[in-house]
Every structure is written in C-alpha cells, then in structure tokens.
Amino acid sequence: MSGAANPVAPAEITIDEDPDRLAEFEQRIADGVLIEPGDWMPEAYRLLQLRMAEHHANSEIVGALPEGEWITRAPGMLRKLALTAKVQDEVGHGQMLYRVSQELGKSRDDMLRDLVTGKTKYHNCFNYPCPTWADIAMVQWLIDGAAIMNQKTLADGAYGPYVRTMNRINMEEAFHFKSGEDMVLTLMSGTKAQKAMTQEAFDRWWTIALAFFGPHDKPGAEDMPAMRWRMKIERNDSLRQRFVNRFAPAAIDLGLVINVVTKNEQGLVTSATPDEQLGVDESTGQWSFTEPDWDEFWKVIRGHGPCNAQRLALRRFSYEQGAWVRRAIAHGAVVTPPAA
Amino acid sequence: MSKIREQALTFGEELPPPTPDTMHWVVYTCKKPGAPFKWAGYVDAPDEALALQYAREHYGLDEACVGLITHRHEDAIDSEYALKNLEPIDASGTDGDEWTVLTLNRRGGNHQTAGVVHAPNANTALARAQASFAGSKVCSIRVVKSSQVLETNEEELLIWRHHDMSYKLARGYSKQVRSKWTRIRDEQTYEDYRQEDIADHF
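Just so you know, these numbers come straight off a predicted model, no measurement behind them.

Novice: So what's going on with the overall build of chain A? Which residues, and what values?
Specialist: When helices and strands are tallied, chain A shows 12 helices and 4 strands. Radius of gyration (C-alpha) of chain A: 21 Å, near the 20 Å computed for a compact globule of 340 residues. Principal axes of the C-alpha set define a box for chain A whose edges measure 65 × 60 × 35 Å. Looking at chain A as a whole, 58% of its 340 residues are labelled buried. Of the contacts made within chain A by residues no fewer than 6 positions apart, 77% connect residues no fewer than 24 positions apart. Taken as a whole, chain A presents about 13300 Å² of accessible surface, with 56% of it coming from carbon and sulfur. Computed over 37 positive and 46 negative side-chain charges, the inter-centroid distance for chain A is 7 Å.

Novice: Go over the overall build of chain B with me, naming the residues and quoting the values.
Specialist: When you go through chain B residue by residue, the secondary structure sums to 5 helices and 8 strands. Overall, chain B shows an N-to-C arrangement of helices and strands of α-β-β-α-β-β-β-β-α-β-β-α-α. In terms of C-alpha radius of gyration, chain B reaches 22 Å, well past the compact-globule figure of 17 Å for 202 residues. Oriented by its inertia axes, the alpha-carbon framework of chain B measures out at about 65 × 55 × 35 Å. When burial is assessed residue by residue, chain B has 46% of its 202 residues classed as buried. The contacts in chain B between residues at least 6 apart in sequence include a share of 62% that link residues at least 24 apart. Counting every atom, chain B has about 10400 Å² of accessible surface; 48% of that belongs to carbon and sulfur.

Novice: Lay out the interface of chain B and chain A in plain terms, naming residues and giving numbers.
Specialist: If you look at the interface, chain B gives 71 residues, while chain A gives 77 residues. Of the roughly 6300 Å² buried between chain B and chain A, counting both surfaces, carbon and sulfur atoms make up 59%. The interface formed by chain B and chain A holds 10 salt bridges in total. The interface formed by chain B and chain A contains 30 residue pairs in polar contact (both at pLDDT 80 or more). For the side of chain B that touches chain A, a count of residues per class yields 34 nonpolar, 19 polar and 18 charged.

Novice: Kindly report on unusual backbone geometry, identifying the contributing residues and their values.
Specialist: With a phi angle near 55 degrees, A:Arg230 is a residue other than glycine that sits in the positive phi range. As for its position among the elements, A:Arg230 is in the loop between helix 8 (225-228) and helix 9 (236-254).

Novice: For the pattern of salt bridges, give the residues involved together with the corresponding values.
Specialist: Scanning the model with the defined rule gives 39 salt bridges over all chains in all. For A:Glu103, the salt bridge identified is with A:Arg99, shortest N-O distance 3.0 Å. Of this pair, A:Glu103 and A:Arg99 both sit in helix 3 (residues 77-103), separated by 4 residues, roughly a single helical turn. Accessibility expressed as a relative area gives 33% for A:Glu103, which makes it partly exposed. Here A:Arg242 and B:Glu196 are joined by a salt bridge, their closest N and O atoms 3.0 Å apart. Taken as a pair, A:Arg242 in helix 9 and B:Glu196 in the segment after helix 5 (187-194) lie in two separate chains rather than in one. A relative accessible area of 17% places B:Glu196 in the buried class. Each of the salt bridges in this network shares a partner with another, and the network as a whole consists of A:Glu67, A:Lys86, A:Glu90 and A:Asp144.

Novice: Describe in detail the environment of B:Lys84, supporting the description with residues and values.
Specialist: All names here are of chain B. Structurally, Lys84 is set in the loop between strand 4 (77-78) and strand 5 (97-104). By relative accessible area, Lys84 is classed as exposed at 67%. Taking the C-alpha atoms as reference points, Lys84 and Thr103, separated by 19 residues in sequence, lie 14 Å from one another.

Novice: Tell me about helix 10 (residues 294-304) of chain A, residues and numbers included.
Specialist: All names here are of chain A. Taken together, the buried positions of helix 10 are Trp294, Phe297 and Val300. The arc that holds the buried residues of helix 10, viewed along the axis, is 120 degrees, so those residues lie on one side. Residues of helix 10 that are exposed and point over 90 degrees away from its buried face: Asp295, Arg302 and His304. Those residues of helix 10 that are buried lie in contact with helix 7 (192-211), helix 9 and helix 11 (308-321). Two or three places before Asp295, at the start of helix 10, stands the capping residue Asp293, its side-chain oxygen 3.0 Å from that residue's backbone nitrogen.

Cut-off values and rules
Residues numbered from 1 in each chain as written. Chains lettered and ligands numbered in written order. Predicted model: local features only at pLDDT ≥ 70, side-chain atom pairs only at ≥ 80, totals over all residues. Heavy atoms only, no water. Helix = DSSP H or I, 4+ residues; strand = E, 2+ residues; numbered from the N terminus. Rg over C-alpha atoms; globule rule 2.2 N^0.38 Å. Buried < 20%, exposed > 50% of the residue type's maximum accessible area, 1.4 Å probe, protein only. Contact = heavy atoms within 4.5 Å. Areas by Shrake-Rupley, 256 points an atom, 1.4 Å probe, with all protein chains shown as cover. Lys, Arg positive; Asp, Glu negative; His and termini not counted. Charge placed at Lys NZ, Arg CZ, Asp CG, Glu CD. Buried area = accessible area lost by both parts, 1.4 Å probe. Salt bridge = Lys/Arg side-chain N within 4 Å of Asp/Glu carboxyl O. Polar contact = N/O pair within 3.5 Å; in protein donor to acceptor, adjacent residues only side chain to side chain. Nonpolar A, V, L, I, M, F, W, Y, C, P; charged D, E, K, R; others polar. Arc of directions from axis to C-beta.

In structure tokens:
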C-alpha cells in the first residue's frame, strides 16, 4: 500500500533566517534548482521536509499491515506471490524514506518510537479495515491509484534526495496499481457474489480515496512554505478532481455504483445510496461528486478511527519483539548465514 | 482477520531502551553485464556481510539485475553539487590507491559508476576524477576507495531469480489488463484513462 506525503501542514511556520540567504535559497527554488543535502537550507525547510518524509515513511510501513494479513488468504499462488512482493516493496519504501529522514537529522530509532507512541502520524487511509479480498483489490486500485497521482507530483518537488527516492518508489507503484487493476477487473467479470463483494468494498473505499488527498486547501496555499518551497506542487483539491475525473467513469464502466454511504464505528457500511451529485460537465470533462465526510476524516486523524488502535498496537508489539534483534546487531552478535 | 492478530497484543508500559542506528550503506544495481551500476537506494546494516545480504534482498529483487555494489555512506566523498556542469580540470597521475568514480548528471538524479582513478588521497582522487570524467552531463562527482566498495553478482550471490518473476512487474499485467478493459471500454477511452499511469517502471 502506498503512502502519501500529505501531512497536515502546521498553521504557522516560523522562518527566522538571514534575509539574504533566504532570498538566495528561494530564488534557487523559483529557478527550478533542486536542493541537495550539502546545500544551505532554512531550518523551517529542513523541519517541514523531515516531517513530510517521516510521515510518508510511517505510512509505508503501517500501510503494509492490512495487506500483509491477506498474504496467506490470497486466492491462488500467483496472487500470493504478488501480494508478498508488494508488501516487501512497501516496507522497502519505508526503509528508503526513513533514510531520507535520517539525512535531515532524526535517528531511525527516534522515528520508530515516535510512531508507536503516537507522537507522529501516518496516512489516515490505513486506519480502515480490509474485511474481504475485494478490499485488497480496491486498496491497490483506488488507494495506490491516488498515491501514484500524488507521488508523481512529489517527484517534481525540490528536495533532491526525496525526488530520487520518489522516482524509484513510483517505478514499483506501477506494478502495485496494475496488479490491483487486474484484481478488480477479474472480480467484476466474475460471479454475482464476487461482483456484490466488490461493490461493497468499493463503497468502503471510494470516500476514503477522495479524502486521501487531504482536506480542502487553505486560501493562499500557494504562498505558504510547503508550496512556495516546492515540497508540494499541486493543491489537494486539484489532485482530488483529477482522481475523480479518472476513476469515476472507470468505475461506472466496470459496473460499479458510486454511492454516498454511512459507516459504523468499525468502518463498515450501514447504508448506501447512489450519489446524486455525480455527473460530468461535458464541456469541461470535470466530474462533480459528493464530498467525503470531513468530520469522519478529522475524527480518524485524531486517533478514533476503526483501526487506529489495532495498527499502532501491532507496530508497538513488533518494536518490542524486535528489541533483542536490534540489541544483538548493535553489539555485533549476529552471524550471517552462508549465501544461498 | 487472522487468528494470531485477533489475540490481544500485550506489551509493557515502557518502551525498550533505544538502540543506536546502524551504519548507512548506499546501493547501486547493474542491469546487464558491462552496464554502469546505478543508484538504487540505501540499507542500514551493522557490517559488510549483512549490508550485502540486505542489499540483495531489497534492491536485487526489485528489478531484473545482474549485480550490485554497496559502500558505507561515510566512505563516499562528494564534490560540490554544482548548479551547472562541472568542467574538466587539469589533474592527472597514476600513483596511490584505486578509487571508484561515480558521476551525477543532474541535481535530484542518480549517481552511476563512471570508472576508476588512482590517487593518494580523496581530494586528489576527486581532482583526477574531474579531469577524466567531468563534461556535459556531470554536476557532481563521488569517489569511494575501491577497497571499500563491496560487490556481488549473480554468480556469487543469487540476486534476481531465474524463474518467471513477471508477477512483480507492471509489465507482467499490462497485456491482460488492457485486454480486460477493452472488452468493456473502447481503445481510445482506455488510452485516455491510461495517461495517468507511470510510464517509467521496472
């Protein structure tokens, strides 16, 4: 599962730097020059970039959890192999992004401890359940599809180490998305029961995917540090609209119904009615749609989603169970087995 | 959910003591015999043997490749990351240790191996590397003492497996996905939808 670097931006960023150096830095950004680790950068830039990369790394390793649970139950050897490879990829992405974050001044252990104690966040979408195989298909089609849209723009950002890492990650996301598309197409050409299961999973994930890009942009977002310094180059609302323009007609062509849903505390759908706002303006190609439930979005971000506690508990369990391995490695007590 | 994960997970009130980060290693992969090794990513590992194992399991299995090299991050000495291309300078010599030279074609790009120079120290190695390898597409140069570069290939350590691994590549699905889509959508609609795909992939 992919992470997206859309942490909630702090309301105020203090920029207390030499005006000349800051002006030179901002001119470089405006000229399209990428920032490399040895370059001078404002402290606020370093902190924001660290927060972004750390949030993204956290999302990658937490995002692997719901999919990892499905490896043993994936239908058939090929799907098992593919899902295993995908989960391995996601954890690998976490590894790379933690390294980018380390370069910005925070130790890996501090990042893992801050994650399991709830001091730092991961992407909201990973706090929802995946009760069926069709949910895994939707995660790979809709959530990875959304992540690709977002991450393609992040690969056009201004911080060199993040950009090269994002380009590498995106090359693997292409496999995740294609595999997800194949799963959805297969299910929707299957039995009545498979189609019903897929519709139910789509109902659970459509609004999560809409909320994936984050809340509405604040007025003047382009002038705020994240966009002014090209850490983020496209507005949340713009990405969301592009997502709907691409996926709404595809879902309809597949035979899926785009519903407005209500959910219970477990994240399961309790009612679904067709989205009356849904439609396309033929002159512009822009689709209209019903907004996701932003109250639910903020509630989940604050830790009260269906799976927040479960995800963090598993990460913390893993951190504690792995302590002896880290100690052994730190003291050089690891014997490497012969090569296979 | 699985039976194991339905169990209540228990852990102590306090986190275990912190552990220091292990060494950082930079990894490069080679796609075919004779091609340069290109930056692939990083691993954290406490020693050479584990660094190679981790690099193989992570990056050696991401893409079809025939070899990989890795070195400690702190063993790399980088020139400035220039805003324009580095110009060749006048520096030559064959004395001293062998240094592996990697070049960066643009900021935000990926280092790749360019060749070797001999030099008695890092600064001289950088100068001689700039004399030999700077040019139209080099904005920075990295040198690493060759004795500090670990290498493995498919003969020494199995990397990319020899059976069909297309299930972990986008192209392993492209044909069947197109075929399934075009049963329900016309070719042009599918092509328009596909525009948002990632064009460059393993």
